Amino acid sequence: MKKVLMGNEAVAYSLFINGVNVVVGYPGTPSTEVIETLKNFQDDDFYVEWSTNEKVALEIAAGASLAGARAVATMKQVGLNVAADPLLSLSVVGVEGGLIVFVADDPGPHSSQTEQDTRNFARFCNLPVFDPSSPKEAFELIKPAFEISEKYNLPVLYRMTTRVCHSNQSIEFELKREKRRIKGFEKRPDWVILPALSYKKHVELEKKLQDIKKDLSVYNRVEGKGKIGIITGGVSYFYVKEAIKGFEDLFSILKITVAHPLDDEIVLGFVEDKEVLIFIEELDPVLEEEVKLILFENGKLLPVYGKRNGYVPFAGEFDVDKVRNIFYKILSDEKFLVRNTFVDVLQIPKRQAQLCAGCPHRNSFLIVKYAMKGKDVIFTGDIGCYTLGFAKPISTTDTCLCMGASITMAQGLKIADRSKKVISFIGDSTFFHSGITGLVNSYYNRHNITVCILDNLTTGMTGFQPHPGTGKKIYGEEGRKVSIEDIVKGIGVEKILVIDPYSDFTENVNKVREFLKDEELGVIIFRRECANMGSKESYLKINQNCSNCKGCMQITGCPALKEDENGNIFIDSALCNGCGLCKSFCPYSAIEKVMKDD
Ligand code: SF4
Ligand code: SF4
């Protein structure tokens, strides 16, 4: 069959065809669609779930692998930090069934707190890493990734970047699943990581890497015969191909698909007749450093252009125009004769990140903001839709570090700056991911902060994945619902308030103000389903009483409130979710509700 597949879908199809038995992960853009696609597949030896965080997921996958199953843990790059502990240990303990750790990096970054390069993790953990350039390649490399994992009993990192994850390509394949026998868990002393064993296995691992690099070298290739050598990998390979169109004779390309461990022979063969080397890779200079090391060890010296001498940027996502500009900069150097050949970067207009129209988090943030008006308060934020609480006019997020850190950082701030009230915001899925431990610490150590859990009954930013608080499992079937209130009470927190952020704004402000009067540990759960879930029953419209003061727009920042060409304010009924927030701020009773069926 021939099918147009997105990169992540291509990975999912290939995993299924190649007999994966267990796929677990935590949603995170740009990785999410692997599991979202796989949940549509079914087989009697196939299991898929959303786990509470990436560490949990990798440990589940590791358990399945030790029993001989082919397993995959999926995550985004920052999720790999959470899963780093089991990953590093697994590189020493080893695996049995093929184990792929699928990590989607987010150069840009588009939806992450940091840019990270998972190829560095591969070097750090001494593990092989595949870095496919296209959806088709992502499809094709799953099979060897499993095979290498099984041959060397090591986890394999499968790193993709946003553009590869989310671009589409037509792929031809047979939807036929490889059937494998799962042999079951066999007790072996080397599954128990003791220091003496760890040392022995580390020595073995270093030896294995020498063999692995020979096996994997076939996935790296040389193209062209030009004297200017370009070393590239991942999606940058395609940017390079586009950027040098019409000038191909000048260049040759070493395309690196397996960035670690990198085989010396192909590198040395490539540089043999080159006058200069240019490294085009997103994020860190992984290829640049590895290749330079090989050159140095083999006494080869030639001019190099890359990140380390400032010709190629360290940060941000590349595209064809950016790569063209890099070439322009390098080739404008007096060493080169090809000048003024490449065009300037196309400017794409940027859209400011903001909460959706009718997002209940907007109401929750403003309720707390108004309840605390005139008070000296620090608001700590977390990762998810609610990170957008930092944006004007909401402005109730003063810090944001990583998943769960709103609660723990709030405690640190409170210790250091007792005079201020500290209020943290966290989402429901994030609370389960890593907020719970922070709250336990707050209770145990008597840190008097307020934790606001913005419960929109889903994992919103990544596309509505369920979590323990929803009680639904991956297919929408019943799991067991974990109550946030019961957890909070179970920890020992006595002060709890549950609020519907869509209900009367003034009443909610008064309730929250009263709740926050005393300096004690408390949890407010703002519960209302995500505005993009469920059906819309009403919207609001502006009537003739409007004085066009624009207060509603300026206070809420709701994107459904717009100005027409004459500067008059109106509500875009297609976007408005009927949350009623803007109505609370209109001094002229100029906003009224319209039922959708009226
Ligand atoms: S009711 Fe007002 S604030 Fe709520 S979504 Fe509609 S326009 Fe936005
Ligand atoms: S706050 Fe009321 S009067 Fe002012 S622009 Fe909005 S709808 Fe019109």
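Refer to the structure printed above.
A. Seen up close, the overall build of the chain. Along the chain, the regular secondary structure elements total 21 helices and 23 strands. Computed over C-alpha atoms, the radius of gyration of the chain comes to 27 Å, within 12% of the 25 Å expected from 2.2 N^0.38 for 598 residues, which places it in the range of a compact globule. In terms of overall dimensions, the chain has C-alpha extents of about 75 × 65 × 55 Å along its principal axes. The 598 residues of the chain split such that 56% are buried. With an accessible surface of roughly 26,100 Å², the chain has 53% of that area assigned to carbon and sulfur atoms.

B. View of the site of ligand 1. Every residue lining ligand 1 is accounted for by A357, G358, L540, C558, A560, I571, C576, N577, C579, G580, L581 and C582. Tallied by class, the residues present in the shell around ligand 1 amount to nine nonpolar, three polar and no charged.

C. Summary view of unusual backbone geometry. The omega angle of the peptide bond from G108 to P109 is -20 degrees, so this bond is cis rather than trans. In this structure, P109 sits in the loop between β5 (99–105) and α6 (118–125). The amide bond that connects H260 to the next residue, P261, takes the cis arrangement and shows omega of -5 degrees. Positive phi outside glycine occurs at N126, with the angle close to 60 degrees. Structurally, N126 can be placed in the loop between α6 and β6 (129–130). The exposure class assigned to N126 is buried, which follows from its relative accessible area of 15%. In this structure, L457 is a non-glycine residue whose phi angle is positive, near 60 degrees. Of note, L457 is situated in the loop between β17 (450–455) and α18 (484–491).

D. Just the environment of L157, in detail. Mapping L157 onto the fold places it in strand β7 (residues 156–161). Taking the relative accessible area as the measure of exposure, L157 reaches 0% and is therefore buried. Separated by 70 residues in the primary sequence, L157 and L87 place their C-alpha atoms 9.8 Å from one another. L157 has contacts with L80, L87, V101, V103, T118, F121, A122, L127, P128, V129 and F130, leaving out every residue within four places of it along the chain.

E. The pattern of salt bridges, seen in detail. Scanning the entire structure with this criterion turns up 48 salt bridges. Close ionic contact of R188 with E96 constitutes a salt bridge, the shortest N to O distance being 3.3 Å. With R188 in the loop between β8 (168–172) and α10 (195–216) and E96 in the loop between α5 (84–93) and β5, the pair connects residues that are 92 residues apart, well separated along the chain. Owing to a relative accessible area of 31%, R188 belongs among the partly exposed residues under this scheme. Accessibility expressed as a relative area gives 17% for E96, which makes it buried. Between D321 and R324 there is a salt bridge; the shortest N-O distance is 3.3 Å. Of this pair, D321 and R324 both sit in helix α14 (residues 320–331), three residues apart, which is roughly one turn of the helix.

F. Main features of the packing of aromatic side chains. Tallying each qualifying case throughout the model produces 18 aromatic pairs. Between F16 and F41, the ring centres sit 4.5 Å apart and the planes meet at 15 degrees, which makes this aromatic pair stacked. Here F16, found in helix α1 (residues 7–17), pairs with F41, found in the loop between α2 (33–38) and β3 (47–50); they are 25 residues apart in sequence, far enough to count as distant. Comparing F16 with F41, the two get one shared label, buried. Relative to F432, the ring of F431 lies with its centre 6.0 Å away and its plane at 70 degrees, an arrangement referred to as edge-to-face. Of the two residues examined, F431 and F432, each falls in the buried class. An aromatic cluster is present here, built from Y13, F16, F41, F46, F139 and F173 joined pairwise through their rings. The positively charged end of R188 is found above the aromatic ring belonging to W191, 4.2 Å away from the centroid. A cation sits over an aromatic face here: K307 above F314, 5.9 Å from the ring centre.

G. Spotlight on the site of ligand 2. The environment of ligand 2 is formed by I542, C546, S547, N548, C549, K550, G551, C552, I569, C586, Y588 and I591. Residue classes in the shell around ligand 2 are distributed as eight nonpolar, three polar and one charged.

H. Quick look at the packing of helix α15 (residues 360–371) against helix α19 (residues 505–515). Closest axis-to-axis distance for the α15/α19 pair is 8 Å, and the angle between their directions is 55 degrees. Considering their axes alone, α15 and α19 lie oblique with respect to each other. Our pair here, α15 against α19, has a crossing hand that is right-handed. For the pair α15 and α19, the contacting residues are N363, L366, I367, V368, Y370 and A371 in the first and F505, N508, V509, V512 and R513 in the second.

I. Quick look at the sheet that holds strand β15 (residues 377–380). As summarised here, the arrangement of the five strands in space is β15-β16-β17-β19-β18, forming an open sheet in which the pairing is parallel. One side of each edge strand has no neighbouring strand; the edge strands of this open sheet are β15 and β18 (495–499). Sheet twist, expressed as the mean angle between neighbouring strand axes with direction ignored, is 20 degrees. Direction of pairing for β18 relative to strand β19 (residues 522–527): parallel, over a ladder of five bridges. Bridge pairing in β19 links K495 to G522.

What counts, and at which threshold
- By convention here, each chain's residues receive numbers from 1 onward along its written sequence.
- In the order they appear in the text, chains get letters beginning with A and ligands get numbers beginning with 1.
- Note on the predicted model: pLDDT of at least 70 is required for a residue's local features to be given, and 80 or more for side-chain atom pairs to be given and counted; whole-chain, interface and lining totals, by contrast, use all residues.
- Excluded from the side-chain calculation are hydrogens and water; included are all heavy atoms of the structure.
- Numbering of helices and strands runs from the N terminus; a helix is a DSSP stretch of H or I covering at least four residues, while a strand is a stretch of E covering at least two.
- Each radius of gyration reported is based on C-alpha atoms, and the globular scaling rule is 2.2 Å times the count of residues to the power 0.38.
- Burial here depends on accessible area, computed with a 1.4 Å probe over protein chains only, as a share of the maximum for the residue type. Under 20% is buried, over 50% is exposed, and the range in between is partly exposed.
- In short, Shrake-Rupley with a 1.4 Å probe defines the accessible areas, and a residue's cover is counted only from the protein chains shown.
- A molecule or strand has a residue near it when one of that residue's heavy atoms lies within 4 Å.
- Each residue is assigned to one of three groups, with Ala, Val, Leu, Ile, Met, Phe, Trp, Tyr, Cys and Pro labelled nonpolar, Asp, Glu, Lys and Arg labelled charged, and all others, Gly among them, labelled polar.
- Here a residue-residue contact requires only that any non-hydrogen atoms of the pair lie within 4.5 Å.
- Salt bridges are defined by distance alone: a side-chain nitrogen of Lys or Arg within 4 Å of a carboxyl oxygen of Asp or Glu.
- To pair, rings of Phe, Tyr and Trp, with the six-membered ring standing in for Trp, must have centres within 6.5 Å; the planes then decide the type, stacked if under 30 degrees apart, edge-to-face if over 60, and tilted in the middle.
- Think of it as a cone above the ring: NZ of Lys or CZ of Arg counts as a charge over the ring if it is within 6 Å of the ring centre and within 35 degrees of the ring normal.
- The axes are straight lines fitted to the C-alpha atoms, using for helices just the contacting stretch, and the angles between their N-to-C directions are given from 0 to 180°.
- By definition in this entry, angles of less than 35 degrees are roughly parallel, angles greater than 145 are roughly antiparallel, angles of 65 to 115 are roughly perpendicular, and the rest are oblique.
- Take the far helix as the reference: if the near one is turned anticlockwise from it by less than a right angle, the crossing is left-handed, and if turned clockwise, right-handed.
- DSSP-based pairing: two strands are paired if at least 2 bridges between them are found.

Read these as spatial facts, not as claims about activity.
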